[in-house]
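Overview (structure and organization)
Residues per chain, in single letters:
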Amino acid sequence: MARASIPPHEVADLALAPDGEARIRWADEQMPVLARIRERFGAQRPLDQLRVAACLHVTAETANLVATLLAGGASVTLCSANPLSTQDDVAAALVLYRGVEVRAIRGEDLDTYARHVRSLLAGAPHVTIDDGADLLVTAHESGGAAPRGLIGGLEETATGLVRLRRLEERGALACPVLAVNEARTERALNDRHGTGQSAIDGIVRASHVLLAGHTVVVLGYGWAGQGVAERARGAGAAVVVVEVDPLRALEARMAGYEVLPSLAAAERGDIFVTVTGSRRVLRREHFERMKDGALLANAGHFDVELDLAQLRSLARGNVREVRPLVEQYELADGRRLNLLAHGRVVNLAAAEGHPAAVMDVSFALQTLCVEQLVRSRGRLRRGVHPVPVAIDREVARLKLDALGVEIDEPTAEQEHYRESWG
Ligand SMILES: NC(=O)c1ccc[n+]([C@@H]2O[C@H](COP(=O)([O-])OP(=O)(O)OC[C@H]3O[C@@H](n4cnc5c(N)ncnc54)[C@H](O)[C@@H]3O)[C@@H](O)[C@H]2O)c1
């Protein structure tokens with residue numbers, strides 16, 4: 001691979017670049033939708049002269065998103081939204097072979113991370129792409145208004161959208177934002193299938209446990225929880241769902257899962273997976289009821305869904321690492337609870353996050369949304385907007401095409417019939 005001219009960067013080691021390039025190419029083979037868009041972008045250059053700053057997981061899949069934006073004519077700077085998911089070899093490959101300014105080192109501390117975010121903003125981006133809203137929120141904090149020239153932002157996560165909507169409610173959001181996280185294709189593929197498979201993958205990689213014959217308790221039956229429950233059941237586990245929303249609880253019951261209050265579920269489970277987006281969902285009263293040997297994993301929000309301080313205090317220092325990414329907490333009565341991946345998001349910390357075929361859809365949405373922001377520059381009001389349905393449908397159509405799936409069109413008579421009801 002030819003070298004590009006090397007931009008300013010902060011990565012672990014440029015010598016890792018060949019391994020990163022191999023990883024990027026492997027992922028690319030699973031990302032046909034993005035490849036199609038890249039081809040069109042290369043011909044049309046719809047992002048010419050555009051400066052894009054992205055704060056995302058620095059992985060092979062993200063590298064293919066970056067390559068697509070570059071093909072469209074944009075310049076891209078990249079930092080990491082999560083210090084634990086950064087693939088140092090990929091970061092090196094982006095710098096060395098594609099000339100991208102990357103500031104991401106696996107395991108970097110919070111101060112370094114904050115500095116990286118500020119460096120990207122100093123480049124006065126036209127468009128921000130966030131996974132948690134740090135770029136856009138920092139942009140607002142540092143001047144009270146979005147930096148000059150900012151056309152808009154994209155947000156990949158539910159949590160990031162909560163932060164941005166809070167800014168909007170206070171009248172402080174200074175640019176339009178497209179809520180990529182809430183697109184239908186994103187919900188179905190990323191949240192359900194991506195989290196479902198990769199959370200189970202992380203649990204199995206970390207613990208090497210057999211799911212069949214065990215009871216898996218899924219706390220939170222939203223999009224992500226539904227995926228985890230489905231995959232656990234598919235692997236032969238008995239699945240118990242815990243919910244606080246009656247509609248979601250009803251859906252879980254009608255899908256055939258046992259639904260229990262969390263205290264009752266605590267006594268039944270062998271493996272617990274939190275996917276709620278909330279905090280202290282499993283805490284002292286749950287730990288006190290759990291069986292000896294229970295596994296605890298979080299696939300939801302940062303590391304706050306399990307009350308780790310209470311777990312530590314119950315174990316009174318009796319904690320040992322029994323396998324990589326498995327810490328065993330021995331309680332006063334001798335029961336042992338096994339915490340996976342330090343309570344951090346298990347599919348990222350113990351596995352490789354969403355498979356490339358899932359990120360293909362997420363990042364296809366991102367690229368088409370960047371194009372949309374450019375097209376509607378100056379016409380989109382400040383605030384959080386849904387992804388246009390036409391983009392969602394286009395991504396679904398491209399993905400079906402890549403899978404070799406054909407579907408019907410309604411007949412003229414059916415269209416007419418449907419419209420007659422309007
Ligand atoms: N690990 C990943 O890769 C990944 C992917 C997608 C989403 N997420 C995260 O997973 C979390 C859930 O995402 P989602 O899209 O499914 O959200 P969602 O809003 O669709 O679902 C969350 C569900 O949790 C339920 N809930 C809230 N508090 C609860 C409690 N105390 N006990 C039981 N249930 C409770 C809610 O009623 C809701 O049904 C978020 O933090 C999101 O950021 C992680």
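Below is a short write-up of the structure. Not measured: the values here are computed from a predicted model.

Re the nonpolar core
Grouped together as the largest cluster of nonpolar side chains are 58 residues, with contacts concentrated most on L50, L69 and V102. Top element by residues in this core is helix α15 (residues 356-375). It accounts for 12 residues. Non-local contacts of L50, meaning those with residues more than four positions away in its chain, are made with G73, A74, S75, H126, V127, I151, V370, V374 and R377. Counting 30 residues, the second-largest nonpolar core is a separate cluster that includes A229, Y257, I271 and A341.

Section: helix α9 (residues 223-234)
With 12 residues, α9 ought to run about 16 Å at 1.5 Å a step, and its terminal C-alpha atoms sit 17 Å apart, in line with that. All of the buried residues along α9 are A224, G225, Q226, G227, V228, A229 and A232. Tucked into the core, α9 has its buried residues touching α8 (184-207), β7 (215-219), β8 (238-242), α10 (246-254) and β10 (271-274). Looking one or two residues beyond α9, the residue adopting positive phi is G236, at roughly 100°.

Some words on the sheet that holds strand β15 (residues 383-386)
Read across the open sheet, the 7 strands follow the order β3-β2-β1-β4-β5-β6-β15; overall the sheet is parallel. Edge positions in the sheet fall to β3 (101-103) and β15, since each of these pairs with one other strand and no more. Direction aside, neighbouring strands of the sheet carry axes that sit 20° apart on average. Helix α3 (residues 60-71) contacts β1 (51-56), β2 (75-80) and β4 (127-130) of the sheet and is inclined by roughly 160° relative to β2.

Topic: the pattern of salt bridges
Pairing between side chains of opposite charge can happen when their charged atoms approach one another. Scanning all chains against the criterion turns up 29 salt bridges. Residue D134 pairs with R163 through a salt bridge whose shortest N-O separation is 2.6 Å. Pair noted here: D134 is in helix α6 (residues 134-141) and R163 is in helix α7 (residues 158-169), with a separation of 29 residues, a long-range link. By relative accessible area, R163 is classed as partly exposed at 29%. Linking E285 and R283 is a salt bridge whose minimum nitrogen-to-oxygen distance equals 3.0 Å. The exposure class of R283 is partly exposed, given its relative accessible area of 24%. Residues participating in the shared-partner salt-bridge network are E10, E101, R103 and R115.

A closer look at the packing of α8 against α9
Between α8 and α9, whose axes approach to 7 Å, the crossing angle comes to 45°. Compared by their axis directions, α8 and α9 come out oblique. α9 is crossed by α8, and the crossing has right-handed handedness. Residue-level inspection shows R187, A188, D191, R192, H193, T195, G196, Q197, A199 and I200 of α8 in contact with α9, the latter providing W223, A224, Q226, G227, V228, E230, R231 and A232. Here the contact of α8 with α9 is built from residues that sort into 7 nonpolar, 6 polar and 5 charged.

Quick notes on the rules
Sequence order sets the numbering: in each chain, residues are counted from 1 along the sequence as written. Per-residue local features are limited, in this predicted model, to residues with pLDDT of at least 70; the limit for side-chain atom pairs, both in listing and counting, is 80 or more; totals at the level of whole chains, interfaces and linings are taken over all residues. Hydrogens and water are ignored here; the side-chain numbers use all heavy atoms of the structure. Here, nonpolar core means buried Ala, Val, Leu, Ile, Met, Phe, Trp, Tyr and Cys residues that are tied together by side-chain atoms lying within 4.5 Å of each other. Each residue is assigned to one of three classes by its accessible area relative to the maximum for its type, calculated with a 1.4 Å probe on protein chains only: buried under 20%, partly exposed between the two thresholds, exposed over 50%. Every helix listed is a DSSP run of H or I at least four residues long, and every strand listed is a run of E at least two residues long, numbered separately from the N terminus. Contact criterion: two residues are considered in contact whenever any of their non-hydrogen atoms come within 4.5 Å of each other. In this scheme, a helix's expected span is set at 1.5 Å multiplied by one less than its residue total. Pairing between strands requires that DSSP locate at least two bridges from one strand to the other. Each axis is a line fitted through C-alpha atoms, taken for helices only over the stretch in contact, and angles between the N-to-C directions span 0 to 180 degrees. Any carboxyl oxygen of Asp or Glu that lies within 4 Å of a side-chain nitrogen of Lys or Arg is treated as forming a salt bridge with it. Here the angle decides the label: under 35 degrees means roughly parallel, over 145 means roughly antiparallel, 65 to 115 means roughly perpendicular, and every other value means oblique. In this scheme, a crossing is called left-handed if the near helix is turned counterclockwise away from the far one by less than a right angle; it is called right-handed if the turn is clockwise. Only Asp, Glu, Lys and Arg are considered charged, only Ala, Val, Leu, Ile, Met, Phe, Trp, Tyr, Cys and Pro nonpolar, and every remaining residue, Gly among them, polar.

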